[in-house]
Amino acid sequence: MTEYKFYLNGKMCSSKLKYKLFAPYKGKSIGNVYRPEKKHVEKAIDGACKAFEITRKYPVFKRVEILESIIQGIKKRKSELEKTIVLEAGKCLKHARGEVKRAICTFTIAKEECSRIEGGIIPLDILSANVNRTGIIKRFPIGPVLGITPFNFPLNLVAHKVAPAIASGNPIIIKPASQTPLSSLILAEIIQESGIESGAFSVLTVPGKDAEKMVQDSRIKKISFTGSADVGWKLKSICGKKRITLELGGNCAAIIHTDANLDYAIERSLMGAFAYQGQVCIHLQRLFIHKKIYKKFKKKFLDKVRNLKLGNPSYLKTDIGPMINIKEAKRVELWIREAEKDGAKVLMGGKREDNFVTPTVVENCPVESLLNRCEVFGPVLLLQEYDDFSDAVACVNNSEYGLQAGVFTNDIKRIWYSFDEIQTGGIVINDVPTFRVDSQPYGGLKSSGIGREGIKYAIEEMTEIKTLLLNLNN
Ligand code: NAP
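Residues numbered from 1 in each chain as written. Predicted model: local features only at pLDDT ≥ 70, side-chain atom pairs only at ≥ 80, totals over all residues. Heavy atoms only, no water.

**Details of a nonpolar patch on the surface**
Residues Ile 121, Ile 136 and Leu 468 make up a contiguous nonpolar surface patch of about 290 Å² in total accessible area. Mapped onto the elements, Ile 136 comes out in strand β7 (residues 133–141). (Patch = residues over 30% accessible without salt bridge, like charges linked within 9 Å, V, L, I, M, F, W, Y side chains within 5 Å. Areas by Shrake-Rupley, 256 points an atom, 1.4 Å probe, with all protein chains shown as cover. Salt bridge = Lys/Arg side-chain N within 4 Å of Asp/Glu carboxyl O. Helix = DSSP H or I, 4+ residues; strand = E, 2+ residues; numbered from the N terminus.)

Okay, here's the thing in structure tokens:
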């Protein structure tokens, strides 16, 4: 039986506690993962505080060297990381490959952003008494960061916290999802080789509930949480005075207008709705299509869905793998059955076998149904026709969430109207909301969160501005 140790202050460690890890695909046993005990958590926080005294003074070239070493390390272990993501998350190989590529990109952006953490000069002589006074602004690292990450991108969403922390001179402790700790533990081995101060990076495989104590610990200066809305907002309520970024879920929507390139919109909607079985925060859940093109879209789209291949996520040709566990698959199945009772029509799919849910397309799902108003986080797409563009925008906004939205149109007035009116953190023109670039400011409005990731923006959230007020009169 393989035993996986956690990473504490530069060393792989075991403990008296461990849990069994199973793969989502066919429930195959992966091994045992050691859980840190209280004393280990204490050591990690203490180690991060000590490391901060060193990392906060790291010159840019040192941070660049560390990040470059991590980039090379990921490149060397690319294939192992891809297989690990397939194994622990049940993500199809083609999407796991995409995730590793993106993680390399995320660290590369961080390496570049190191040298762009700029300050500024502000004039202070706005009153006659202040002549010969000048202000200088500089960003300083905030202190130990706690990154809590979800199961669905076990490498790149860890990278989105670790890379800006290193770039800005902050130590970071990662608490990965219990189902997917292995990618972050490989990353730990890679980071161990980078020459970073021990204590500047730890991976603690504690259970979710136990992480609350760390969230409350005043030595931690910043929480960066990615996960479900319920957990995220609870953490905000208990984190005290520290800064917190919440990257939460949504029920993202897109609009396809009459002037869109329909074939392209169909291809992209297929990806947005079913990539990683819909277990993506910016998964395309609600799709509004103009009534003039609705029938054509529906026919062509369903033909494509019919051809998706379900099965073993390790094969490159597989499009749809298992959901993360049977509980989640049963929940999605239940929501589909309840939506049917509410009057929705299942056009395709809607079936479950173990933790596989067939790609599901539903028409006319009432807004009150759970399947419509909550985050489905499964392979389900809801179709709805519309007549007037502004009504479609109102439908997109009829949600407690606001992460990203997609609008397929080439009309500049509609593009601008969408930018002005759609209540989401990002509006994607001629693509699905599932499109994301790792450098963009990324995050949600409403219940989808607060703060922004995307390296430059995460660095801003992990640094404080200080101002030097110079009196040059004496
Ligand atoms: P989750 O259940 O909220 O878990 C996320 C992380 O929080 C895990 O590490 C989990 O640990 C931990 N956790 C759970 N309860 C906790 C508590 N009381 N205190 C502190 N930490 C706690 O979410 P998930 O199922 O892994 O991920 C899916 C969710 O993440 C979806 O809602 C999705 O939309 C969202 N997401 C958002 C983004 C974004 O960027 N906006 C990206 C990806 C995913 P355990 O695993 O040990 O329970």
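**Describing the site of the ligand**
Residues in close proximity to the ligand total 29 residues, the closest being Ser 178, Glu 212, Ser 228, Leu 248 and Glu 375. The backbone of Thr 149 places a nitrogen or oxygen atom 2.7 Å from an oxygen atom of the ligand. In the complex, 86% of the free accessible area of the ligand, which totals 910 Å², lies under the protein chains. For the shell around the ligand, the secondary-structure elements that each account for two or more residues are α7 (211–216), β11 (222–226) and α8 (229–238). A class-by-class count of the residues in the shell around the ligand yields 16 nonpolar, eight polar and five charged. (Near = heavy atom within 4 Å. Polar contact = N/O pair within 3.5 Å; in protein donor to acceptor, adjacent residues only side chain to side chain. Nonpolar A, V, L, I, M, F, W, Y, C, P; charged D, E, K, R; others polar.)

**Some points on the sheet that holds strand β18 (residues 360–363)**
Read from one edge to the other, the open sheet built from seven strands follows the order β15-β18-β19-β14-β13-β21-β22, with strand pairing classed as mixed. If you trace the sheet from one side to the other, it starts and ends with β15 (345–348) and β22 (426–429), each paired once. The mean angle between the axes of side-by-side strands here comes to 25 degrees, regardless of whether they run parallel or antiparallel. As paired elements, β15 and β18 share three bridges and run antiparallel to each other. Bridge pairing in β18 places Met 348 opposite Val 361. On the sheet, helix α9 (residues 262–274) packs against β13 (253–256), β14 (286–290), β18, β19 (380–386) and β21 (404–408) and is oriented at approximately 140 degrees with respect to β19. (Pairing = 2+ DSSP bridges. Axes fitted to C-alpha atoms, helices over the stretch in contact; angles between N-to-C directions. Contact = heavy atoms within 4.5 Å.)

**Digging into the environment of Val 367**
Within the fold, Val 367 resides in the loop between β18 and α12 (370–373). The exposure class of Val 367 is partly exposed, given its relative accessible area of 41%. In this structure, the C-alpha to C-alpha distance between Val 367 and Ala 339, residues 28 residues apart in sequence, is 9.7 Å. With residues up to four places along the chain from it excluded, the contact list for Val 367 reads Asn 372, Arg 373 and Asn 398. (Buried < 20%, exposed > 50% of the residue type's maximum accessible area, 1.4 Å probe, protein only.)

**A short note on the packing of α9 against helix α10 (residues 291–306)**
The contact between α9 and α10 brings their axes to 10 Å, and the two run at 50 degrees. In terms of orientation, α9 lies oblique with respect to α10. Considering the relative orientation of α9 and α10, their crossing is right-handed. For the pair α9 and α10, the contacting residues are Leu 262, Asp 263, Ile 266, Glu 267, Ser 269, Leu 270 and Phe 274 in the first and Ile 293, Lys 296, Phe 297, Lys 300, Phe 301, Lys 304 and Val 305 in the second. Classifying every residue of the contact of α9 with α10 by side-chain character gives eight nonpolar, one polar and five charged. (Parallel < 35°, antiparallel > 145°, perpendicular 65-115°, else oblique. Left-handed = near helix turned anticlockwise from the far one by under 90°.)

**Regarding the sheet that holds strand β1 (residues 3–4)**
Taken together, three strands build an open sheet; the order of strands is β1-β5-β4 and the sheet is mixed. Sheet topology places β1 and β4 (17–22) at the edges, where each strand pairs with a single neighbour. Where β1 meets strand β5 (residues 29–35), two bridges bridge the pair, whose relative direction is parallel. Bridge pairing in β5 links Glu 3 to Asn 32.

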